[in-house]
Amino acid sequence: MTSLQGELKWWQSGIIYQIYPRSYQDTNGDGVGDLPGITARLPYIASLGVQAVWLSPIFKSPMRDFGYDVADYCDIDPIFGTLADFGALVAEAHRLGLKVMLDYVPNHSSSDHAWFQEALRGKDSPKRDWYVWRDPAPGGGLPNNWKSFFGGPAWTLDEASGQYYLHQFLPSQPDLNWRNPDVRAAMFEVLRFWMRRGVDGFRVDVIWLLAEDERFLDEPENPGAQIIGGQIEHGTLEHIYTQDQPETHEYVREMRRVLDEFDDRMMVGEIYLPLEKLLPYSGTPDAPMVHLPFNFHLILLPWDARTVRNFADEYDAASTAAGAWPNWVLGNHDQHRFRTRVGAAQYRVAQTLLLTLRGTPTVYYGDEIGMENVHIPFEKMVDPSGLQQPDSPNAGRDPERTPMQWESAPGAGFTAAGAEPWLPLADDFAQVNVQVQDNDPQSDLNYFRALTRLRREHPALVGGSYRSLDSGHDDVFAFERELGDERLTVWLNFGGRERSISGAGQTLLSSLGDQPDADAPLRSHEARVLRG
């Protein structure tokens, strides 16, 4: 598919930059990042060449799951600031030409939310049906075998009423009942509340879980199920009754109609599903759904040239056939840092791939300077997913959520010297930080900026078609991007051996920092972008 760059929406042509607010910039010395801190760093974000900032949850919350347990959808948690602070952030972002996206958590609330507290009053409570309740099984005990993502059953007994309530995550995160039209109406008003305050878009949390099969049947065992993020116990079932239900698609279409009441707003859906189930969440021209169903496959696939090429070909063709706009992501707050996953030698190859494939890239804070996982000793762990699954070494998400590394001084520029950050700083923060890399033309940070500048200067990298090329080597992935008279090729060496390449033209960028001749051999672990 070939698109003219001028016809693309901002969420198609731009790069989305995800911030984990607790870890970005602390301004009051409590060791936790806040909204004034993000506002102060917006000029830096603009310097990266990104177009949108996505903030992980900032709503009022007891923070048992660090904001993914919302107690008030229409207020800011005091640890981050106030609604006035948020207004100042939006105003400054828009002044700098940046869009602002929020994390919207519609599947479940906090058990502290006034709705759930009202539901606990008894079976006759007006809010009882705002959540999912079931009587015990005929012989007593759990209603069925459904599992929580965080380990253990997805049901907790309310002893006062004798009924169980559903929670696909923590017991303090009860699932909302989206079959209830009053719930949907209330949750849609949340979207309107924030859009009226200038929010440009939403990342919608676990959007594929909104509906459950109303028969509440046991899910079949599936020992070979794909394990995502280390959730071993959850992965032992085939989730045919709790995920991707037909009703969910209708709820998402309703959600999209609310966004379409406003100009130029968008949503990204968090969806861990194979392509054939993922792409339908884009909807159709007559019944659109999410603008971007998150494509997490680069995170989940083995890192080798042939596998990545095959998937890129399949995904691009399937997106075109479905009329969907592609998107790509290498890391987020739930997945380990991609530099740790692919290795330091492949870091720039992966970064180049992310920013040159057809579609919208989403970048996780700190990845632009090459931050890696930070070892978190058990006594410092705070993530409930890891604490509840100590036998699963990959379940904890703390290693990828550590504070942004701004400078070499104590506190890494994230917090005041002497203050204790909410998660430990990386051991290498004095060497791997913005201050050091900003002044080094060959740094990872400035390579990232070179890639985003290349996107701005060459429309083919944004709106051009995609076609993979036969590189002649199993460990080299090559593809072209073409728009009008402009043709660029991208060569990615996934291996440690020098490889010959074919194709005349001009080298626009090499991950090794020089300007080799177009037909010069592709060096080990090199990424190269050519014109012509």
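Residues numbered from 1 in each chain as written. Predicted model: local features only at pLDDT ≥ 70, side-chain atom pairs only at ≥ 80, totals over all residues. Heavy atoms only, no water.

Chemist: I would appreciate a short explanation of the nonpolar core in the present structure.
Modeler: One recurring pattern in soluble globular proteins: nonpolar side chains tend to sit buried together. Ranked by size, the top nonpolar core spans 146 residues in total, and within it Y17, Y44, F86 and F202 carry the most contacts. Of the residues forming this core, the biggest block, 9 residues, is contributed by helix 6 (residues 181-195). With residues up to four places along the chain from it excluded, the contact list for F86 reads L35, L55, I58, I76, V100, L102, W194 and V199. (Core = buried A, V, L, I, M, F, W, Y, C linked by side-chain atoms within 4.5 Å. Buried < 20%, exposed > 50% of the residue type's maximum accessible area, 1.4 Å probe, protein only. Helix = DSSP H or I, 4+ residues; strand = E, 2+ residues; numbered from the N terminus. Contact = heavy atoms within 4.5 Å.)

Chemist: So what exactly am I meant to see when it comes to helix 4 (residues 83-95) here?
Modeler: Turn by turn, an α-helix covers 3.6 residues, leaving residues three or four places apart pointing in a common direction. Counted at 1.5 Å a residue, the expected span for helix 4 with its 13 residues is 18 Å, and the 18 Å between its end C-alpha atoms agrees. Every buried residue of helix 4 is accounted for by F86, L89, V90, E92 and A93. The inward-facing, buried residues of helix 4 contact helix 2 (35-40), helix 3 (42-47), strand 2 (52-55), strand 4 (72-76), strand 5 (99-104) and helix 6. Where helix 4 begins, the side chain of T82 points an oxygen toward the backbone nitrogen of A84, at a separation of 3.3 Å. Positive backbone phi, approximately 85 degrees, marks G97, located one or two places after helix 4. (Expected span 1.5 Å × (residues − 1). Polar contact = N/O pair within 3.5 Å; in protein donor to acceptor, adjacent residues only side chain to side chain.)

Chemist: Whenever I open this one, the packing of aromatic side chains confuses me. Can you help?
Modeler: Geometrically, a pair of aromatic rings is defined through the distance of the ring centres and the angle of the planes. One pass over the structure, following the stated rule, counts 37 aromatic pairs. Taking the centre distance of 6.5 Å and the plane angle of 55 degrees together, the rings of F59 and Y73 count as tilted. Of this pair, F59 sits in strand 3 (residues 59-60) while Y73 sits in strand 4, placing them 14 residues apart in sequence. There is no split in this pair, since F59 and Y73 are both buried. Put simply, the rings of W54, F149, F150, F169, W208, Y272, F294 and F296 pair up and form one aromatic cluster. Just above the ring of W133 sits the side chain of R128; from NZ or CZ to the centre is 3.5 Å. (Phe/Tyr/Trp six-rings, centres within 6.5 Å; stacked < 30°, edge-to-face > 60°. Lys NZ or Arg CZ within 6 Å of the ring centre and 35° of its normal.)

Chemist: Before we go on, may I ask you to explain the sheet that holds strand 6 (residues 133-134) in this structure?
Modeler: Strand pairs in the sheet, formed through backbone hydrogen bonds, run parallel or antiparallel to each other. Sheet architecture is open: 3 strands sit in the order 6-8-7, paired in antiparallel fashion. Edge positions in the sheet fall to strand 6 and strand 7 (155-158), since each has one partner strand and no second. As paired strands, strand 7 and strand 8 (residues 163-166) are joined by 4 bridges and run antiparallel to one another. For L157, the partnering residue across the bridge sits in strand 8 and is Y164. (Pairing = 2+ DSSP bridges.)

Chemist: Would you explain the sheet that holds strand 14 (residues 465-469) in this entry?
Modeler: Taking strand neighbours across the sheet as the criterion, the 5 strands line up as 14-15-16-18-17 in an open arrangement whose pairing is antiparallel. Single-partner strands in this sheet number two, and they are strand 14 and strand 17 (506-510). Taking the axes of each pair of neighbouring strands and ignoring which way they run, one obtains an average angle of 25 degrees across the sheet. As defined by bridge partners, strand 16 (residues 486-493) adjoins strand 18 (residues 527-531) across 5 bridges and the pair is classed as antiparallel. Within the sheet, the bridge partner assigned to L488 lies in strand 18 and is R531. Sheet contacts for helix 12 (residues 347-356): strand 15 (476-483), strand 16 and strand 18; angle to strand 16, the most-contacted strand, approximately 150 degrees. The strands touched by helix 15 (residues 444-457) are strand 17 and strand 18; relative to strand 17, the strand with the most contacts, the crossing angle is about 140 degrees. (Axes fitted to C-alpha atoms, helices over the stretch in contact; angles between N-to-C directions.)

Chemist: Hey, could you run me through unusual backbone geometry in this one?
Modeler: Peptide bonds are, in most cases, trans, and in most cases residues other than glycine have a negative phi. Phi at F66 takes a positive value of approximately 50 degrees, unusual for a residue other than glycine. In this structure, F66 sits in the loop between strand 3 and strand 4. Given a relative accessible area of 9%, F66 falls into the buried group. Even without being a glycine, D264 presents a positive backbone phi close to 60 degrees. With respect to the helices and strands, the residue D264 is situated in the loop between helix 7 (246-259) and strand 10 (266-269).

Chemist: Help me out: how do you make sense of the side chain of R455 in this one?
Modeler: Note that R455 resides in helix 15. The buried charged residue R455 lacks any salt bridge partner; its closest oppositely charged side chain belongs to E457, at an N-O distance of 12 Å. Within polar-contact distance, the side chain of R455 engages the backbone oxygen of S13 at 3.4 Å. A distance of 3.1 Å separates the side chain of R455 from the backbone oxygen of L355, its partner in a polar contact. (Lys, Arg positive; Asp, Glu negative; His and termini not counted. Salt bridge = Lys/Arg side-chain N within 4 Å of Asp/Glu carboxyl O.)

Chemist: Where do I start with the pattern of salt bridges in this structure?
Modeler: A complete count under the given rule lists 38 salt bridges for this structure. Notably, a salt bridge pairs R306 with D474, separated by 2.6 Å at the nearest N-O pair. One end of the pair, R306, is in helix 10 (residues 305-322); the other, D474, is in the loop between strand 14 and strand 15, and 168 residues separate them in sequence. On the basis of relative accessible area, R306 is assigned to the partly exposed category, the value being 47%. When salt bridges with common partners are traced through the structure, they connect D65, D334, D383, R397 and R401 into a single cluster.

Chemist: Is there a simple way to think about the packing of helix 12 against helix 15 in this case?
Modeler: Two packed helices can be described by the angle between their axes and the distance between those axes. At a minimum axis distance of 10 Å, the contact between helix 12 and helix 15 shows a crossing angle of 25 degrees. Put simply, helix 12 runs roughly parallel to helix 15. For the pair helix 12 and helix 15, the sense of crossing is right-handed. On helix 15, the residues touching Y347, R348, Q351, T352, L355 and T356 of helix 12 are D444, Y447, F448, L451, T452 and R455. (Parallel < 35°, antiparallel > 145°, perpendicular 65-115°, else oblique. Left-handed = near helix turned anticlockwise from the far one by under 90°.)

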